[in-house]
Each structure stands twice: as structure tokens, then as C-alpha cells.
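Tertiary structure, described
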Amino acid sequence: MSVYNSLDSITDELHKCMKCGNCMAVCPIYKETRQEVGVARGKISLVEYLLAGELDMTEGLADRFSLCTTCMACNTNCPCGVRFDKIILAARAEAVRKKGLHSVKKIAFTALKMQRLFDLGMKTGSIFQGVALKHLPHKSDRIARMRFDVGIGTEKVFPMLAKKTLRSEFPEVIRVNNPKMRVAFFTGCMINYFYTDIGRAVVEVLNENDIEVVIPRGQGCCGIPASVNGDVVSARALAKRNLRAFEKLGADALVVACSSGGTAWKHVFAELLENDPEFKVLADKWASKSYDISEFLIHKVPFKKEGLGRVERKVTYHDPCHLNRGQGISREPREILTSIPGVEVIEMKEPGRCCGMAGSFSIVHPDLSVQISDHKTADIALTHTDTVATGCPACRLQLKSGVENAGIEEEVVHTIQILAESYRAGKKN
Amino acid sequence: MLAREVLQELVQVLGAENVLTEQEDLMTYAYDATAAMKHHKPDVVVSPLSTEQVSEVVKIAGRYQIPIYPRGSGTNLSGGTIPTKGGIVLSMLNLNKIIEVDQDNLTATVQPGVIIQALNDQVTKLGLLYPPDPGTVTTATMGGSVSECSGGLRGLKYGVTKHYIMGIKVVLANGEVLRWGGKTVKNVTGYDLVALFTGAEGTLGIITEIIVKLIPAPETRKSILAVFDNLDKAGNAIASIIRNKIIPATLEIMDNATIQTVEHFVHAGLPMDAEAVLLVEVDGYREVVEREAVLVEQILQTEGSVEVKIAKNDQERDLLWLARRSALPALAQKRPTTVLEDATVPRSKIPDMLKAIRKIAEKHRLLIATFGHAGDGNLHPTILTDQRDEDEMKRVHLAVDEIFQAAISLGGTLSGEHGIGIAKMKYLDWEFGEAGVAALRQIKEALDPNYLLNPGKIVRRD
């Protein structure tokens, strides 16, 4: 039984918890608030009281369930193997079933479902974003701050919307001579609308390795923002849209450069669609051939080492939670980085500590998100590097905002961008 | 429910952000890490930022006769922080500063909300060590571990928390603040209240500052693992090591039930049919460690160990310890409810105690795995059960009673390191009779006549 369908699906998970409190040692939220409700043990107890009828599903309870970045650090530190990520997702889905979705999120997730309208909105946004956002001069990133406070402060540094979306920059099929494989690229929203530079780097690197890239036009949001907030109905609709779009074009493998997208294709689609025989088969099929770009380049098609040019960068790597703990990928990006001539990798103190972005968490709990981010920024500063590499566009946003506000000269990029840079440098010689 | 004016006064002292009153928050302070305990919701949770604020809260509680339950991380195993009568939970977690590390006097002064590991992270940089290391070292607070007098793996050589507490600042039940002890090694001025408050489980006063003793960190260490096919031989080996004037930093034992579960869980290479495994670690100066390790190896062989392994490097050491560290997690995954006891006997009685536990398990048809600190006689009989199974839980309670009887009849004690709390209160007179309990009650009533500080723990009101 999937966590998205019923709270009963997690009773065994709840019984595993022996309330030892080991989650307190690693929970980024608890470390800031030092309140029991912030940590897994507290919320597990709340779900137990809810199931026992001692607490009702109130808005207050739903608010407490929003106190989790789903970073999964507690899973890793749990002596009893409790999968708290499952518990929190089930609790949030139950909250939406009982109390409905917060009105702002409802509008947002509905918009995500209407792809064309959303595209139009983003296009309009890219023209008029200057009204709300104040552009900050910067050498590599197009970034800005809010001109006025809409409830999340004006400190956060955002990327500017791209003038042209990634998917409109490329044809649906990008051909190469003598392709050794056909790979479908799931871009995800952040790469499509904001960080098109990551998307271009993915295409560039794959082409460089003689791989034909397909970017299905019909793809949309991965649905993770909806599913982690309990909006199962929207998430399910998005999962089906994406499966249809990729099925239509077909490919030998699917790559993502975004940890949410990877989680969606590998795990979440199949869980959402477990009661839909037709789509469950498709979800399983695509799950078995979905790869994070770094995983793909290490395990599926080992990337070409000849032709790599020198890139003078001191790099520290931040592990995105949903790539590292979520998909078990932490060695691969480092292997890519260390094989690039000129790149020196310097590890930060806790590369796997959550950056505090966690999608809508950073909007619902802006202060907490920044407090968590400050630890990350301080760890980055201690490395005295010039570049932070990571594997997730949402982390990139948060990390950039952190270093920018701290006044640290540091570029924040996706690992794949440094690899693309190296191939480019190789051609100049 | 608290009267509105009580909440108003608390907010006035602490600020609204440090006073929790909503159901959804209060319910998360209704329990602690103790298995199979009834939970109780407090009426309010407050987080003071200073000793003065603690004193004010205690005075308000005194005026309105409201019970106060001090709480650190809530990791204790005796029900010690459960607010059985509602009232105020006093969360000490925001008092989390390491005030001073004094290298000349070898002391550290900390607030009670400091996590034990955080103190050690700080003093390790200076080549120093705060030795008490309960299993919850990365989560438990200094205040909590002083109040519970926690032990850990290094008890045999380094002692337990009470051996490292030199001074305290306490808020008494009437709100008075006093300091006792200090940085001097010698201090016989008046009664030893530092010793009294250490392990008092927050029933006599509220600790708001602690001066601890630090020691120079040992230069190096070496681990040895020994397998036994017979419990008595393992017991003799423990005694023999001590008789030969070697005091290892740690001397741990795991019984067959633990070995089987652990081996299944981590595949550390333990023989499944072994009756007992001993894990020994010696530490100190390099020359001493080398010499002692060889001696320990010889003793273990002489006492009939079927296999002795010395870790040659850190990796091998980690592998040996993986099995021991995995004991509780492995056992905990086997059944939903893990009842972990800490009955303690003189170390010469370890084999007798292990056999008694095995008999009790058979009699009540329960799965009891035992591991623990053999060197200091502190065993952890761990009952693996399921809270939802009423019949089995009845047998669990009977077994627990008998385990305590066995420990006391062997000259041991109810609790080596977890404390009495609610969980073991009813057994107190088994150990020191009605008169002993009455003496405890007199001390409690002298310091807290109205039973406002962590009431319902250690001694019940008559």
C-alpha cells in the first residue's frame, strides 16, 4: 500500500520507532528550534496520537507536519531503520484528505498541471520579472532579490527567469552522428525556466559522448512539490502526463539533472500509480531505466576521458539530500569532478547536511530555511574554494542565496556544467 | 488546565516564544525514550534562557502549586521526564552554552542543555576528555546525564558521571539559587550536595550550571575480541583480567542471543554458536597499551577462549566494535518493543546473573538477549516483545520483577545507570527496605516539601 493512499500504510513503520531520539543528533530543523515537534520522534508521536484518536487532524497539526525538509538524515541515523520520509508524506497526504490543501499551494499546484498556461505565465514573467525582482550584477548567474516583501523577506536571492525556456531552445530530438544510444532528458521546471545553463550542459555532454538526446515537448512538472505536500491528485495527474510524453518518443534510458526529478521517476510515480494497472506498468518500466546524469555517466555510459581540457577551479561538493540519501548517489559526482584536469576538490565539513531549501519548505518557513542555510554557508566559507558544485537546481538556488548574502565570492554550479566546461576547454587546445 | 494568570505570568517572564501551549506541541512532551510507558500531556512547556528565569518559573509554580518537570533531550530509560501530573515541562535545551574550559584546573563549566558530545568535541581539541559516555552521547544533555548519573562503556576504568561532577548551580524548590562545590579537587565544606543532586533525577532541585572534571585524553588504545563456548569460562576470564591488575577501559560481554541477532544484522564474523563474546579495550600510553594488550590476550587464552583477535589498526578496531555497537539496534529491529533493563551485579557474579536471566526467559517464554558492561557488572537484559500483545506484556512484567530479584539476591542493584524514575519506583524497598525508602522521602521533603519538582519519580508521596 502506498503512503499516498492511506495512513494505515505506515503503521508498521510507526511501530518500529522506539523513541530513542537518535534523530535529534542529525535533524537540521531540530538543531535550530530545539523543540521536540521539530524532530522525527515528535512528529511520529503526533501521527500515533492521531491514529489512536487522541488528536484530531487540525490545521495546527498540518502545520507541524510541514516542519520537515524530508532530508532523510534521520532515516540514516535511525537504529531501528524507520523510514521517516514515508511517515511524513503519508501524514501530509492525510492532512490534505481531511483538511484540504492550503489555498496558495492549491493555486500553485493547479497551475503546474496546466502546462501551456504555466508556460505562458513563465514567459510573461520573464519579461515583467523586473517589476518585482531587483537584478543583481553577477558574472555567471542571473540573480535577483525581491523588491518588496511578500511574506518571505527580501533577503533571498533568486535566479532570474530565463528569456527562453530550455525546451524551446532545442528541437525535440537532438541528433548526433553514429549515435550509440538514444536518451530522453527530463528537464524539470527549474532547469527549464531558470537554470537553462544546466540543461544546455547536459545536452552538450551527452552529445559529446555520441548520445542522441530527446527532450519530449509534452513533459511537465515532476509533481514532487505536490506529492510532498500531500496533493496526491495533482501529483498523479502530472505523473501520467510525463509518462505519456516519454512513452510517445521512447528512449533507451532517461536522464535527469535534478534530484527531485530523479526521485519522481525512480520511486514516486510507481507509488502514486500503484492502483492504476495501465500506468503502473509504464512507471515501473521507466523507473528501471532512469538515471541521474552523474550516475549515467559513471555506470551506464562511462564518459569520455580523452578530450577533457583543463578547468582551474577549487571545488567543494554539496550532496543534495534526495540524490545522496534518496538515491544513494554521492561517489559519482565526485568521481566526475576529480577526473577533470585542474579541478581540485576540497570537502566541506558536512557535505551531506541539508541546505534548508526543500522546495516549498523555504517559502512556508523562510526564517528556519535561512538559519539552516547559514550553517551550510559557513561550512562552504571554511573550504576557501571558488566553486560549489551540486547535483540539484533547488540546492543551487539556496546555496547561491547563502553565499551571496554572506558576501563570499563563490560560483554555484551543477557538476555537469564543470564537465561541459572541461570538454569545451579540450576543444580549444 | 492552568489558570490564565499562570500562563500570563510565565509569558511575562519568558516571552511568548518560549512558552508552548498548543495541544500539538504539548503532546510531544508527553513521553520520553522509555518503552511501554503511559504518556501524560503537560499543561505548558517553557524554555528558560537563564538561571534567573528558571528561578522565576519555580516561584510561579510554587505560588500556584503546579508541578515542574525538568527535561533535557528526553532520552532517559526510566520514565524520568514524563509529566505524570501535567503541569509545567521545563525544557533546558536553550541553556546550551559551554561557558568555559579551564586547562589549568582541568575543568569545564557548562549549562545543562549542552549535548555531551558537543562538550567532548570542544575539549578533544585540547587533548582532554570528559569520560562518561552513555549510549546517547550524541543526543543527551549534560543536565540530563548529571541528573540520571549516566554511565556508559568506560565505567570500569574511568567511573561514571558522578565521578566527574565538581560543582553545580541549583535552583531550589523555593526559587533560591545556590552554588555548591567548585573547581577545587578537595572540598569538605558542609554536606556533599553535589553528590546528592547528581543522580537525583530533578526531584530535589533544578541544575542550571555544572562544573565537570576533565582528564588528559589517553594517547592510544587497543581492542581485543575473545570468543567463549562456555559462560563460566567467560566469567572467569573477566575476573582473571582484573586479578592480574589490568583495568581495561572497557570490558563488554554479549550473550548467545545477542550474538545471533547481531551476526544476522551486520555479519561481523562472530561464531553463531558461541556462548559469549568478550570485547576488551585497553588505553593509555603506547608502551603500556602494547604490554597490556599482550597480557590480556594471554589471559583470555589461558581461561579457555576458543578464539582471540587483537585489532591491528583502526579499521580492524572499528570492525570489532561494530558488533557491539550494533547490539541494541539489531535487537531493536527484531521486535516492535524493546524493554531495556540495567540490573547490575558485582562483576564476579556476571555468569550467575546471565544464567538467571536465561532461566527467567525460558520460564516466561520470552526472548531476552543480554549484553553489557561486564567489567563493571552492569548488564542490559533486553526483552524483545510487542506492546500490542497483552498476554506477552504480562509475562514481560513478571520477568522484569524476577530479573530485579535475581540482581538483588546476588548483591547487586536495581539500576546501574538508567535511574529509578517511574519505572523502578515500586522495587525500591526490595533493595533497602521500608526504612531506606523513608530516609529518601525525608530528604525529598526537606528540599521539596510540596512535591513540586518532578513529582512521582523515585519516591512517591506517602
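Predicted model only: the values in this text are computed from it and were never measured.

Turning next to the pattern of salt bridges. Summed over the entire model, instances satisfying the criterion amount to 51 salt bridges over all chains. With its nearest N and O atoms 2.8 Å apart, the salt bridge here joins Glu-22 of chain B to Arg-64 of chain A. A residue pair is termed interchain when its members come from two chains, as with Glu-22 of chain B in the loop between strand E1 (19–20) and helix H2 (23–26) and Arg-64 of chain A in helix H4 (residues 59–65). Given a relative accessible area of 9%, Arg-64 of chain A falls into the buried group. A single network of salt bridges, built from pairs that share partners, joins Glu-36 and Arg-41 of chain A together with Arg-71 of chain B.

What follows is about the sheet that holds strand E15 (residues 307–310) of chain B. Residues and elements named next belong to chain B. The strand order across the open sheet formed by seven strands is E15-E12-E14-E13-E17-E18-E16, and the pairing between neighbours is antiparallel. Only two strands of the sheet have a single partner each, and these edge strands are E15 and strand E16 (337–340). Direction aside, neighbouring strands of the sheet carry axes that sit 15° apart on average. Pairing analysis gives four bridges linking E16 to strand E18 (residues 378–385), with the strands arranged antiparallel.

With that settled, consider the pairing of strand E14 (residues 276–284) of chain B. All names here are of chain B. Burial analysis of E14 places nine of its nine residues in the buried class, the great majority of the element. Neither face of E14 is open: one carries Ala-276, Leu-278, Val-280, Val-282 and Gly-284, the other Val-277, Leu-279, Glu-281 and Asp-283, and all of them are buried. With six bridges connecting them, strand E13 (residues 250–255) and E14 associate as antiparallel partners. When the bridges of E14 are listed, Ile-253 appears paired with Leu-278.

Residue and element names in this part refer to chain A. Domain boundaries assigned for chain A yield domain 1 (7–99) and domain 2 (313–428). Distance between the C-alpha centres of domain 1 and domain 2: 28 Å. Across the boundary between the two partners, domain 1 contributes 14 residues, which contact 14 residues of domain 2. Summed over both partners, the interface of domain 1 with domain 2 buries about 1,100 Å², with 67% contributed by carbon and sulfur atoms. For domain 1, the biggest contributors to the area lost against domain 2 are Glu-32, Thr-69 and Met-72; these three give 43% of the whole. Counting every contact that joins domain 1 to domain 2 gives four residue pairs in polar contact (both at pLDDT 80 or more). For the side of domain 1 that touches domain 2, the element with the highest residue contribution is helix H2 (residues 28–33), accounting for five residues. Split by residue class, the side of domain 1 that touches domain 2 holds seven nonpolar, five polar and two charged.

Calculation criteria
Residues numbered from 1 in each chain as written. Chains lettered and ligands numbered in written order. Predicted model: local features only at pLDDT ≥ 70, side-chain atom pairs only at ≥ 80, totals over all residues. Heavy atoms only, no water. Salt bridge = Lys/Arg side-chain N within 4 Å of Asp/Glu carboxyl O. Helix = DSSP H or I, 4+ residues; strand = E, 2+ residues; numbered from the N terminus. Buried < 20%, exposed > 50% of the residue type's maximum accessible area, 1.4 Å probe, protein only. Pairing = 2+ DSSP bridges. Axes fitted to C-alpha atoms, helices over the stretch in contact; angles between N-to-C directions. Domains from an automatic or database assignment. Contact = heavy atoms within 4.5 Å. Buried area = accessible area lost by both parts, 1.4 Å probe. Polar contact = N/O pair within 3.5 Å; in protein donor to acceptor, adjacent residues only side chain to side chain. Nonpolar A, V, L, I, M, F, W, Y, C, P; charged D, E, K, R; others polar.

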